[in-house]
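Here is what each chain is made of, one letter per residue.
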Amino acid sequence: MTESMCKSIRGGLATALALAATQLAVVGAHAADYDVGSIHIAQPWARATPKGASSGAGYLTVTNNGTAADRLTCAGSDAAAQCQIHTMSMENGVMKMRPVEGGLEIKPGETVTLKPGGDHMMFVSLKHPLETGNAVAATLQFEKAGSVKVELPVVAIGAAAPGVTTGGGTMMQGGTMMQGGGMMQSTKH
């Protein structure tokens, strides 16, 4: 076997190993579901943050299987000084983000998805960057159902969701959040 053939085989093996590692990371990004009282929580995840970022975001789907409305707040996180539920609204052509006062209402039989560009969990005053492949622990508090600790696998910066590699990107730059080329302003926390 010639030296160039050996190099070609090694290069092919390295590519195959890199592809396998990427697929394992995507599989590892799938999160557990959680239940507390009549509340079901599915698909929790967070986005990686660049070094120096002061905030990050988390997403999940909440279903109220009960007969009474409940309210969701974020009681805390291991990754940040504060964890809040935020809402987004368009005002005079500018996307504004602010904490939800009194918690996010989830009506009986309703499913609410916290997602990029919409309602989301905000990790304020990060203690460290959120890094792809790690997880963020957060305690969710429901007014009626109680509290539950969830793990949010961290996926790549700009990922639209776990396993999706492009689209839906948001990034903090100074006090302004950049969303798909547009601007968003955050109100004071």
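Residues numbered from 1 in each chain as written. Predicted model: local features only at pLDDT ≥ 70, side-chain atom pairs only at ≥ 80, totals over all residues. Heavy atoms only, no water.

**What about the overall build of the protein?**
Scanning the protein from terminus to terminus reveals one helix and 14 strands. Looking at the protein residue by residue over its 189 residues, the buried ones come to 37%. Restricting to contacts in the protein with at least 6 residues of sequence separation, those with at least 24 account for 65%. Surface accessibility of the protein: about 10,000 Å² in total, with carbon and sulfur atoms responsible for 55%. (Helix = DSSP H or I, 4+ residues; strand = E, 2+ residues; numbered from the N terminus. Buried < 20%, exposed > 50% of the residue type's maximum accessible area, 1.4 Å probe, protein only. Contact = heavy atoms within 4.5 Å. Areas by Shrake-Rupley, 256 points an atom, 1.4 Å probe, with all protein chains shown as cover.)

**Digging into the state of the cysteines**
By the definition in use, this model includes one disulfide. Each disulfide pairs two cysteine sulfurs, and for Cys 74 the partner residue is Cys 83, the sulfurs being separated by 1.7 Å. Sign of the S-S torsion, about 85 degrees for the bond between Cys 74 and Cys 83, identifies this disulfide as right-handed. Classification of Cys 74 as buried rests on a relative accessible area of 9%. (Disulfide = S-S within 2.5 Å.)

**Considering the confidence of the model for the protein**
Residues at a pLDDT of 70 or more form 70% of the protein, whose mean pLDDT is 80. The low-confidence segment residues 12-29, where pLDDT is below 50, has five contacts with residues more than four positions distant or belonging to other chains. Low pLDDT, under 50, characterises residues 167-189; the stretch is placed with 51 contacts to residues that sit more than four places away or in other chains. (pLDDT = per-residue confidence, 0-100.)

**Notes on the packing of aromatic side chains**
Enumeration according to the criterion identifies one aromatic pair in this entry. Relative to Tyr 59, the ring of Trp 45 lies with its centre 4.5 Å away and its plane at 40 degrees, an arrangement referred to as tilted. Of the two residues, Trp 45 sits in strand S2 (residues 39-47) while Tyr 59 sits in strand S3 (residues 55-64), which places them 14 residues apart along the sequence. (Phe/Tyr/Trp six-rings, centres within 6.5 Å; stacked < 30°, edge-to-face > 60°.)

**Notes on the nonpolar core**
Formed by 31 residues in total, the largest nonpolar core has its most connected members in Ile 41, Leu 72, Met 121, Phe 123, Leu 140 and Phe 142. Those residues within four positions of Leu 140 in sequence are excluded, and the remaining contacts are Ile 41, Leu 60, Leu 72, Thr 73, Cys 74, Met 121, Gly 146, Ser 147, Val 148 and Val 150. (Core = buried A, V, L, I, M, F, W, Y, C linked by side-chain atoms within 4.5 Å.)

**Digging into the environment of Cys 74**
In this structure, Cys 74 sits in strand S4 (residues 70-77). Put simply, Cys 74 and Ile 85 are eleven residues apart on the chain and 6.2 Å apart in space, counted from C-alpha to C-alpha. Apart from residues no more than four positions distant in its own chain, Cys 74 is found in contact with Cys 83, Gln 84, Ile 85, Met 121, Ala 138, Thr 139 and Leu 140.

**Side note on the environment of Ala 46**
Position of Ala 46 relative to the elements: it lies in strand S2. Residue classification places Ala 46 among the buried residues on the basis of a relative accessible area of 0%. For the pair Ala 46 and Ala 135, spaced 89 residues apart in sequence, the C-alpha separation works out to 7.9 Å. Residues within four places of Ala 46 in sequence aside, it is in contact with Ala 57, Gly 58, Phe 123, Leu 130, Val 136, Leu 152, Pro 153, Val 154 and Val 155.

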